[in-house]
Amino acid sequence: MITSNDIRRSFLDYFGRAGHRIVPSAPLVPQNDPTLMFVNAGMVPFKNVFTGLESRPYSTAVSSQKCVRAGGKHNDLDNVGYTARHHTFFEMLGNFSFGDYFKPQAIELAWTLLTKEWGIPAEKLTVTVYHTDDEAAALWKSIAGLPDERIIRIATNDNFWSMGDTGPCGPCSEIFYDHGDHIPGGPPGSPDEDGDRFVEIWNLVFMQYEQVDAATRLDLPRPSIDTGMGLERIAAVLQGVHDNYDTDTFKALIRASEERTQPAANAGQIASHRIIADHLRASGFLVADGVLPSNEGRGYVLRRIMRRAMRHAHLLGAAEPLMYRLVPALVAEMGVAFPELARAQPLIEETLKLEETRFRQTLVNGLRLLDEATAKMGPGDILPGDVAFKLYDTFGFPYDLTEDALRANGLSVDRAGFDTAMAEQKRAARAAWTGSGAKASDTVWFDIVEASGATEFTGYSSTRGQAQV
Ligand code: ATP
Ligand code: MG
Ligand code: MG
Ligand code: MG
């Protein structure tokens, strides 16, 4: 069986042989974009190269980029454990042309890799093109020999990529693998496209325009290519399984989780082990790249990910902190490809152990409160916002953790009520704070906390003695 590590190597080598510079993954914390929480696509580290702000000593590149999609525009946190194809942390394999080759070569390179190098049967593959991109449709026909019904024209933004309101943009073409009619889901563009039968494996972006302002779009003199393929998704295809969580890397992590808790006996426990495996990867890689759990910004996203996993560890009956004991399995799977992970192993273990030890002190009481509050509720009911806020404020439950906990029973949370309770607490806290002789800098601090979105802070005013965990 070809392992995930082999597939990454094979991808890099294939494009390396085709003249691309092999570029190591950039860290998860963006180095060139303060507006972005985490790197969420392979092209992010090359953004300034595409816009021409920066030049490199090469015009084509290939990488396997660490990505996190757990906040902001791309947030796959709620999909994890419930679809076959989403992770919070994943690797995006990508080849890039900075004004070098364009559509014909990009399609040719992708098709040859998939069907010749890796031997995927052509009849399993379906592609989409942007509805006006006749050029791409014709190339898929001539290069890949695909019949018209497997070149699907899509008119939505799924097939038109842009960097922002201005900057490079263009149509894209996505490649889907059909896992077979025993799995629910329809082809791309159909009403049930979100099923897991046709899984999107690779997105080829053709950057051919420059959006100058809302009304002006120019042709780029030297168009570029940006592609992204999820390593975990192509690993599922090449290992002959439908589900990313049945690939070698995830199997090893899930096995470690099962060995230290219990084997999955039902759908809920299967999801718990998957969530633990996924969140272990995200936590480990984020800590290795310098993010530590905290109450705001990136650190709070990490804390949310960690605590979600920790609730699932508790559900599986873990009697003591679990996550840190899974780190050796993670390093065994991925530490060779990512030496920073192996180097950070002691820090990752220490961080997870401390976070889980602290959270466990309030987790059980919080879950008890939640059980009491929902005892008389049934599917479709809504948990009052002030209960969710109390869980957050007193028991350290991130909002989305409460949502995740309710999901199994078909319950949801009154978000507006939660926000109101949060605003009220901030107002009270601010009143107490300015009463003690606030300086201008205090106001700034409050604004920063608010701008960073959901935060978790109590215990600085004399009336609230809650220790923060
Ligand atoms: P989907 O529609 O399945 O959510 P996407 O269209 O959001 O995927 P892109 O932004 O086009 O994904 O990213 C390029 C590739 O990265 C995808 O084709 C897929 O292989 C992979 N990918 C995207 N999101 C994830 C994720 N959350 N977990 C694993 N792989 C992903
Ligand atoms: Mg997506
Ligand atoms: Mg998609
Ligand atoms: Mg896509």
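Just so it is clear, the model here is predicted, and its values are computed rather than measured. (Residues numbered from 1 in each chain as written. Chains lettered and ligands numbered in written order. Predicted model: local features only at pLDDT ≥ 70, side-chain atom pairs only at ≥ 80, totals over all residues. Heavy atoms only, no water.)

### Considering the site of ligand 1
Not every one of the 16 residues close to ligand 1 is listed here, only the nearest: Asp76, His86, Glu200, Asn203 and Gly230. Asparagine 203 is positioned with one of its side-chain polar atoms (N or O) 2.9 Å from an oxygen atom of ligand 1. Here an oxygen atom of ligand 1 sits 2.9 Å away from a polar atom, N or O, in the main chain of glycine 230. In the complex, 85% of the free accessible area of ligand 1, which totals 590 Å², lies under the protein chains. Secondary structure elements with two or more residues in the shell around ligand 1: strand 5 (89-97), strand 10 (198-213) and strand 11 (216-230). Ranked by residues supplied to the shell around ligand 1, first place goes to strand 10 with 4 residues. The class makeup of the residues in the shell around ligand 1 is 5 nonpolar, 5 polar and 6 charged. (Near = heavy atom within 4 Å. Polar contact = N/O pair within 3.5 Å; in protein donor to acceptor, adjacent residues only side chain to side chain. Areas by Shrake-Rupley, 256 points an atom, 1.4 Å probe, with all protein chains shown as cover. Helix = DSSP H or I, 4+ residues; strand = E, 2+ residues; numbered from the N terminus. Nonpolar A, V, L, I, M, F, W, Y, C, P; charged D, E, K, R; others polar.)

### Some details on the side chain of serine 97
Positionally, serine 97 belongs in strand 5. Within the structure, serine 97 has its side chain in polar contact with the backbone oxygen of tyrosine 101 (distance 2.7 Å). Not counting the four nearest positions on each side in its chain, serine 97 is found in contact with Phe50, Ser59, Thr60, Ser224 and Ile225. (Contact = heavy atoms within 4.5 Å.)

### Looking at the coordination of the magnesium ion (ligand 4)
Those donors, Glu174 (OE) and Glu200 (OE), are the protein atoms that reach the magnesium ion (ligand 4), and they lie 1.9 to 2.2 Å from it. Taken as an interatomic distance, the gap from the magnesium ion (ligand 4) to the magnesium ion (ligand 3) is 3.2 Å; glutamate 200 donates to each of them. One end of the pair, glutamate 174, is in strand 9 (residues 167-178); the other, glutamate 200, is in strand 10, with 26 residues separating them in the sequence. Assessed through its relative accessible area of 26%, glutamate 200 is described here as partly exposed. (Donors = N, O, S within 2.8 Å, 3.2 Å for Na, K, Ca; no water. Buried < 20%, exposed > 50% of the residue type's maximum accessible area, 1.4 Å probe, protein only.)

### Describing the pattern of salt bridges
Tallied over the entire structure, the rule returns 25 salt bridges. Close ionic contact of lysine 141 with aspartate 148 constitutes a salt bridge, the shortest N to O distance being 2.9 Å. A relative accessible area of 49% places aspartate 148 in the partly exposed class. Taking the shortest distance from any N to any O, the salt bridge between arginine 307 and glutamate 355 comes out at 2.8 Å. Taken together, the residues arginine 307 in helix 8 (residues 297-315) and glutamate 355 in helix 11 (residues 345-374) connect sequence positions 48 residues apart. For the residue pair arginine 307 and glutamate 355, the accessibility class agrees, reading buried in each case. A single salt-bridge network, built from bridges that share partners, covers Asp78, Arg304, Arg308, Arg311, Asp400 and Asp404. (Salt bridge = Lys/Arg side-chain N within 4 Å of Asp/Glu carboxyl O.)

### A short note on the packing of helix 7 (residues 267-288) against helix 8
Two elements in contact, helix 7 and helix 8, have axes whose closest approach is 9 Å; the angle formed by their N-to-C orientations is 145 degrees. Where helix 7 crosses over helix 8, the handedness of that crossing is left-handed. On helix 8, the residues touching Ser272, Ile275, Ile276, His279, Ala282, Ser283, Leu286 and Val287 of helix 7 are Leu302, Ile305, Met306, Arg308, Ala309, His312, Ala313 and Leu315. Considering only residue class, the contact of helix 7 with helix 8 consists of 11 nonpolar, 4 polar and 1 charged. (Axes fitted to C-alpha atoms, helices over the stretch in contact; angles between N-to-C directions. Left-handed = near helix turned anticlockwise from the far one by under 90°.)

By themselves, these figures tell us nothing about what the structure is for.
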